[in-house]
Amino acid sequence: MSDYTYPSEEDSGEEEVDDEIYEDEIHEEEVFGAFNETSLLQLEVEYLKMKGYRAGYLVSELYGVTTMVGFPVDDMGDELMLRAAGLHKDLYVVISLTFPSSPPQYLAKCPGPKKVTVRQSSDTCLNNKQALTDATEFGLWWTLEQRLLEYLQQNWDALKTACLEEMSRAQERDSQAPWRQVMQALNLAAETGVAMDLRLATLLVKKCSGRFDAVQEFLFDEERMSKLRIDAEKERLYFDKPDWSSFSLLVHVTKYLKQRIVKCTEQCIVCDKSHPLPLLKPVACDDALCNYQMANLGLGVNLENEVLRSPEVVDFLICITFAAATTKNKYTTFPFDGPQGPHEEVSRVLKQCPRVEDMAAVVKRGESLRDYLERFDKELYKIVRWIIASNTSHIIPVSKDNKVKSMPDMQFLLQSSTPAAEARFQELKAQHGGSFFAFHGSALGSWHNILRGGLKQYDLRIAFGPGIYMATNASTSLGYMSNAHGFPNSMFGAPLRLMALCEVVAEGSDKLCLGRVHRPKCDCNKQSPHIRVEAAECVVTRVLFLFTETVCSNVEAKNIKIPSVDRIGKPLSVQSKMGAL
């Protein structure tokens, strides 16, 4: 990997250079003479359009050629995984590359910093200024831009050579279907409302021997056009041979970016170092500088989108962070500091946090959420954004019809295990013939860490030996849940308690203890009335119950039916409804 540059505060806002590029007069008209770099660009653009992508380009005499490729994400994976990547399922991902040169020329020079942008946009017409000005940042914008820039810099010579070699081959084919006439046929078809792609236009010009009057007559003859479309499907010209993935720069870039989105949970979103295991969400590694950058720039999440889509989850995460700060949980660290220390600083700032409902109203009005929160405290936006970005678990409010009866009204489906850990759990479950459910109660302030790292050593009790303590009855676990307050303006009020319903591998039995999952009164657990699990891989959290009252029904875990939901953490797939690149 080439050296990378950490983002600065200025990078998180509008990019001045890119804005200035498009203040110059932009024109799309080209004089198509001999096949050249511009012809090759048009060929790539038309190919991508034929495969169902959005593509276009702009030309500026002062700044060079800018290409744009857009693809939808709604069929790349389930909504949870798209949200993990910070993507809005209804918007296109738009890749913009600027090749600086004067006079403008495609491939003249490798795009450098601030010449590579990745955004999301609802605009499907990518050959106008509006397509760029309407584009918005999303959670992984900086990460994807940085990785794409590195990819281009490392592979530029090979990519450019492949493109130029294809241009040479295309010039040889130009004698059969002159490029200028192919473009004229496409433009005429567009003006007359006749559906036509580059393959069909090329074959049409070839059949008409380059006579433009014959092309015009052909376009208005439905019977001949119908036959031509059948022939075009059989014709292996321009598109099927040679292999486009071997030479098209725009195809390479698009495939590379989609793969990076698919694997966004495998590397640090700042330095790109691989995580020991794939995670559920894209986060920074353990390096202090990477965590500082994530905290200050909010990489990996779009707070505005989260406030609109999951206000209950945002409120809940702020509550448990506030509890960890006010109770000075010794296992919790914060990348913020103040005169009294990190815990006191986070507690002080979150005390001033407004209602999440008010934040959502600000976003809906189109106002700046950052400006709004910084009116309360200059550090508030950064801290709230970090709280959401650093959470590595998937949390989903349970719908009204799916809620567990006899339990508190506020319920969340939870997955905090990595895909690898979940796969290991399923393997153990199959090996030991199933699983059972049990409750786990911990102080509210402990859950800030549990959601980010699972039930681990910092949450283990040793009264009856090491292990994660659980109970089959909810009222038993309630005794281990000390009251705590969420932030003052929380929608949940105060005091709050939190309990988890966990799934446990059914290793051993009441009479036969295998040493890792201990039932009450087993040979290794004779003095304990609780379930004690020494192996963390044998436990996964499934549901969270947020108590706003101190009472709890006498509910048995075995009687609870887990709310139905599609499997959380389903891998993204690069196979889409569009044509394969």
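Note that the structure is a prediction, hence the values are computed from the model and not measured.

What about the overall build of the chain?
So, step 1. Across its full length, the chain carries 20 helices and twelve strands.
So, step 2. Across the 581 residues in the chain, those meeting the buried criterion constitute 55%.
So, step 3. Across the chain, the fraction of contacts at a sequence separation of at least 24, relative to all contacts at a separation of at least 6, is 73%.
So, step 4. Looking at the chain as shown, the accessible area adds up to about 25600 Å², and 48% of this sits on carbon and sulfur atoms.

Digging into the sheet that holds strand β4 (residues 116-121)
So, step 1. Read across the open sheet, the four strands follow the order β1-β2-β3-β4; overall the sheet is antiparallel. With partners counted over all chains shown, the strands left at the sheet margins are β1 (54-60) and β4, one partner each. For this sheet, the mean angle separating the axes of adjacent strands, direction not counted, is 20°.
So, step 2. In the sheet, strand β3 (residues 92-99) pairs with β4 via six bridges, with the strands oriented antiparallel. Note on β4: the bridge partner recorded for L97 is V116.
So, step 3. Running at roughly 155° to β1, helix α2 (residues 37-50) makes contact with β1 and β2 (64-72) of the sheet.
So, step 4. Of the strands in this sheet, β2, β3 and β4 touch helix α10 (residues 249-262), which is tilted by about 135° from β3.

Some points on the pattern of salt bridges
So, step 1. In the structure shown here, the tally under the stated rule is 20 salt bridges.
So, step 2. As a salt-bridge pair, R260 and D272 come within 2.6 Å of each other at their nearest N and O atoms. Taken together, the residues span a long stretch of sequence, with R260 in helix α10 and D272 in the loop between α10 and α11 (288-297) at a distance of twelve residues. In this structure, R260 and D272 share a single accessibility class: buried.
So, step 3. A salt bridge links E367 to R365; its shortest N-O distance comes to 3.0 Å.
So, step 4. Residue E367 is classed as partly exposed on the basis of its relative accessible area of 39%.
So, step 5. Each of R424, E427, E507, R516 and E537 takes part in a single network of salt bridges with overlapping partners.

Considerations on the packing of aromatic side chains
So, step 1. Within the structure shown, the criterion is met by seven aromatic pairs.
So, step 2. Aromatic side chains F99 and W156 sit 6.2 Å apart centroid to centroid with 35° between the ring planes, which places their arrangement in the tilted category. In this pair, F99 is assigned in strand β3 and W156 in helix α5 (residues 141-173), connecting sequence segments 57 residues apart.
So, step 3. Residue classification places F99 among the buried residues on the basis of a relative accessible area of 0%.
So, step 4. Residue classification places W156 among the buried residues on the basis of a relative accessible area of 10%.

Describing α10
So, step 1. In a regular helix each residue adds 1.5 Å, so 14 residues correspond to 20 Å; α10 covers 20 Å between its end C-alpha atoms and thus fits that length.
So, step 2. Of all 14 residues in α10, eleven are buried, a share of seventy percent or more.

Some remarks on the sheet that holds strand β6 (residues 410-415)
So, step 1. One open sheet holds the five strands; their spatial order is β5-β6-β12-β9-β7, and the pairing between them is antiparallel. Strands at the two margins of the open sheet, each flanked by one partner only, are β5 (394-397) and β7 (435-442). Neighbour-to-neighbour, the strand axes of this sheet turn through a mean angle of 25°, independent of strand direction.
So, step 2. Strands in contact with helix α13 (residues 311-326) are β5, β6, β9 (497-505) and β12 (539-547); relative to β5, the strand with the most contacts, it is inclined by about 125°.

Digging into the packing of helix α14 (residues 342-350) against helix α17 (residues 380-390)
So, step 1. Remark: α14 packs on α17, axes separated minimally by 10 Å, with the N-to-C direction vectors making an angle of 105°. Considering their axes alone, α14 and α17 lie roughly perpendicular with respect to each other. Judged by residue contacts, V346, V349 and L350 of α14 engage L380, I383, V384 and I387 from α17.

What about the environment of V533?
So, step 1. By secondary structure assignment, the location of V533 is in strand β11 (residues 531-533).
So, step 2. Of the residues examined, V533 reaches a relative accessible area of 0% and is grouped as buried.
So, step 3. Each C-alpha atom of the pair V533 and G465 lies 9.9 Å from the other, and the pair is 68 residues apart in sequence.

A word on the side chain of E306
So, step 1. With respect to the secondary-structure elements, E306 resides in helix α12 (residues 303-309).
So, step 2. Assessed through its relative accessible area of 11%, E306 is described here as buried.
So, step 3. Within polar-contact distance, the side chain of E306 engages the side chain of R309 at 3.2 Å.

Calculation rules
- Residues numbered from 1 in each chain as written.
- Predicted model: local features only at pLDDT ≥ 70, side-chain atom pairs only at ≥ 80, totals over all residues.
- Heavy atoms only, no water.
- Helix = DSSP H or I, 4+ residues; strand = E, 2+ residues; numbered from the N terminus.
- Buried < 20%, exposed > 50% of the residue type's maximum accessible area, 1.4 Å probe, protein only.
- Contact = heavy atoms within 4.5 Å.
- Areas by Shrake-Rupley, 256 points an atom, 1.4 Å probe, with all protein chains shown as cover.
- Pairing = 2+ DSSP bridges.
- Axes fitted to C-alpha atoms, helices over the stretch in contact; angles between N-to-C directions.
- Salt bridge = Lys/Arg side-chain N within 4 Å of Asp/Glu carboxyl O.
- Phe/Tyr/Trp six-rings, centres within 6.5 Å; stacked < 30°, edge-to-face > 60°.
- Expected span 1.5 Å × (residues − 1).
- Parallel < 35°, antiparallel > 145°, perpendicular 65-115°, else oblique.
- Polar contact = N/O pair within 3.5 Å; in protein donor to acceptor, adjacent residues only side chain to side chain.

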